[in-house]
Protein chains: 4
Amino acid sequence: MDVVNRTEIRVRYADTDQMGIANNSMYLTWFEVGRVELLRARGLTYRGIEDAGYFLPVIEAGIKYLKPARYDDVLTVESRVAKCTRLRIRMEYRIFCDGKTIVTGFTEHVFTDRDLRPCRIPETVIGRILGTTK
Amino acid sequence: MDVVNRTEIRVRYADTDQMGIANNSMYLTWFEVGRVELLRARGLTYRGIEDAGYFLPVIEAGIKYLKPARYDDVLTVESRVAKCTRLRIRMEYRIFCDGKTIVTGFTEHVFTDRDLRPCRIPETVIGRILGTTK
Amino acid sequence: MDVVNRTEIRVRYADTDQMGIANNSMYLTWFEVGRVELLRARGLTYRGIEDAGYFLPVIEAGIKYLKPARYDDVLTVESRVAKCTRLRIRMEYRIFCDGKTIVTGFTEHVFTDRDLRPCRIPETVIGRILGTTK
Amino acid sequence: MDVVNRTEIRVRYADTDQMGIANNSMYLTWFEVGRVELLRARGLTYRGIEDAGYFLPVIEAGIKYLKPARYDDVLTVESRVAKCTRLRIRMEYRIFCDGKTIVTGFTEHVFTDRDLRPCRIPETVIGRILGTTK
């Protein structure tokens, strides 16, 4: 399985804090941009998944901060599907700046219905994500 | 009419940017905290208003930044109902730090239904906001 | 004077609130992206301006919300230099979605030094912004 | 060692996303509020630590999301010093709502100087944090 996507993000002024670097909470938002763009590259949109009645709340997240990102840096978010079943999905991320890894992390999600109750996502969606279905 | 409320907010680290002051976008969020607490002091909750099917999207906002707010400052947000009809409401704000006004501003809202279509809010709610109904 | 720039922004999930639309505070951040990209198109970077010891804190802002922006919408931020002297700059913005104007607004800034004391910015920088100097 | 602090936070409208719950990135900001208030309860301020030339950038963070937080919920952030040496500090957090644990997590920090180079923090500061020095 090799479901990987790369997307670019530029650090905004509002993303920084008075330490002069991107605030530590921003990376979870950038991970989200990464996974949404990975889905889009597979022909899916997260908006479409929600319109079909499925949600992907985060149940666990982890982040290792190796180097700081600074204002106006252009970051590359590399997102990878580490595991995907009809019940849950695990994504892994690597963020690069100037060719160096600055952050690694993961998010784990369950599939739920509109009321945030766990459910199974259709096989066809999994097939689209994993590239086993066209 | 004298519908005024004061509420305190402490500037968080994530609220600052690399200029070493609170980011200019934060004040709109603090205005929101101010108006929610004003409603609560009138015996209303914004959550309750939404549960009843009414929303208050912002249609206009203005902010004058007189002095910067800094990390860990305790701000006082003074919120005032400047005008309120069954169709719309105008709120005015003054933010103090150490007894000095650092920001003034306003927001104007329309009342809408769940689908964000303009609607009239019940007289009783207006009465509660303006203090003419108990 | 015709100093205009257009830049695209996609609405992120974290930008929305439970009203199902982009939170009203996000537009100030998007205005910031717009003005930074306008400067970049003029051969200037805001990072470079700060490195040279000049800051542009916002002293006033105004926003009119005509239509909501929704998750995953691609917005076009059109930024314009409305006025620029050695002491201050006024920017105006228009945000489009699907060819319709959804938000208009402005920000006014003073030029300051590192300690946020008002100062005069060099003529050459003004010339670069206004396109009268190469 | 029993260095624990509890602080309350109310979920703001801007903290929610269109899933109708607090956005997953907010918890890192709330953890920050928790650790700042723990320090304050020990007679230290994070502002004072920075003024003395020490910074505490996050090098690792983890979050388990057990239940969602909703708009206007009042959360209790319980922060605990799990480990503290002159080089680094590990904090653990538990967030409660209505008496139930909704999120657990941790952050790990190194002590650095103004240029974000690792350094040793004075014994007296450690003593203040751990309560072994008055």
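Above this text is the structure in question.
Every chain begins its residue count from 1, and numbering advances along the sequence as written. Key to labels: chains lettered from A, ligands numbered from 1, both in the order written. The predicted origin of the model limits local features to residues at a pLDDT of at least 70 and limits the giving and counting of side-chain atom pairs to 80 or more, whereas totals for whole chains, interfaces and linings rest on all residues. Note: side-chain values were computed over all heavy atoms of the structure, leaving out hydrogens and water.

As a further point, take the overall build of chain A. Only DSSP runs of H or I reaching four residues or more are called helices, and only runs of E reaching two or more are called strands; each is numbered from the N terminus. Scanning chain A for helices and strands turns up three helices and five strands. What you see in chain A, going N to C, is helices and strands ordered as β-α-α-β-β-β-β-α. Just to be clear, the radius of gyration here is over C-alpha atoms, and the globule rule we use is 2.2 Å times residues to the power 0.38. A globule of 134 residues ought to have a C-alpha radius of gyration of about 14 Å, and chain A, at 15 Å, matches this closely. Projected onto its principal axes, the C-alpha positions of chain A cover 45 × 30 × 20 Å. Every one of the 134 residues in chain A was classed for burial, and the buried ones make up 58%. For chain A, the exposed area adds up to about 5800 Å²; of that, 46% sits on carbon and sulfur atoms. In this tally, Lys and Arg are treated as positive and Asp and Glu as negative; His is ignored, and so are the chain termini. Taken as the charge location is NZ of Lys, CZ of Arg, CG of Asp or CD of Glu. For chain A, the separation between the mean place of its 22 positive charges and that of its 18 negative charges on side chains is 4 Å. Remark: exposure states derive from per-residue accessible area (1.4 Å probe, protein chains only) relative to the maximum for the residue type, with buried under 20%, exposed over 50%, and partly exposed in between. What sets the accessible areas is the Shrake-Rupley method with a 1.4 Å probe; for residues, cover comes only from the shown protein chains.

Bringing the relation of the copies chain A and chain D into the picture now. Copies of the same chain, two in number, are related to each other by a rotation about an axis and a translation along it. Each copy is superposed on the other by least squares, with the fit set by C-alpha atoms of residues at a pLDDT of at least 70 in both. When chain A is fitted onto chain D, the two copies agree to an RMSD of 0.0 Å after a turn of 180° and an axial shift of 0.0 Å. What we have between these two chains is a two-fold relation. Of the C-alpha atoms belonging to chain A, the one lying closest to the rotation axis is found on G62 of chain A, 2.1 Å away. In this assembly, 100% of the residues forming the interface of chain A have copies in chain D that are likewise at the interface, indicating an isologous arrangement. For this analysis, residues touch if any pair of their heavy atoms sits within 4.5 Å.

Bringing the relation of the copies chain A and chain B into the picture now. Laying chain A over chain B is done by rotating through 180° and shifting 0.0 Å along the axis; what remains is an RMSD of 0.0 Å. Same-surface contact between copies: 100% of interface residues of chain A are shared with the interface of chain B.

Turning to the interface of chain A and chain B, a few remarks are in order. Tallying the contact residues gives nine residues for chain A and nine residues for chain B. Defined here as a combined quantity, buried area equals the accessible surface (1.4 Å probe) lost by two parts on assembly, summed across both. Counting the surface lost from both chain A and chain B, the interface buries some 870 Å², and carbon and sulfur atoms represent 52% of this. Whenever Lys or Arg places a side-chain nitrogen within 4 Å of a carboxyl oxygen from Asp or Glu, that contact is recorded as a salt bridge. For the interface between chain A and chain B, the tally reads zero salt bridges. For this analysis, a polar contact is any N or O atom pair within 3.5 Å, provided that within protein one partner can donate a hydrogen and the other can accept it, and provided that sequence-adjacent residues contribute only side-chain to side-chain pairs. The interface formed by chain A and chain B holds four residue pairs in polar contact (both at pLDDT 80 or more) in total. When its residues are assigned to classes, the side of chain A that touches chain B shows four nonpolar, four polar and one charged. Each residue is assigned to one class: nonpolar for Ala, Val, Leu, Ile, Met, Phe, Trp, Tyr, Cys and Pro, charged for Asp, Glu, Lys and Arg, and polar for all the others, Gly among them.

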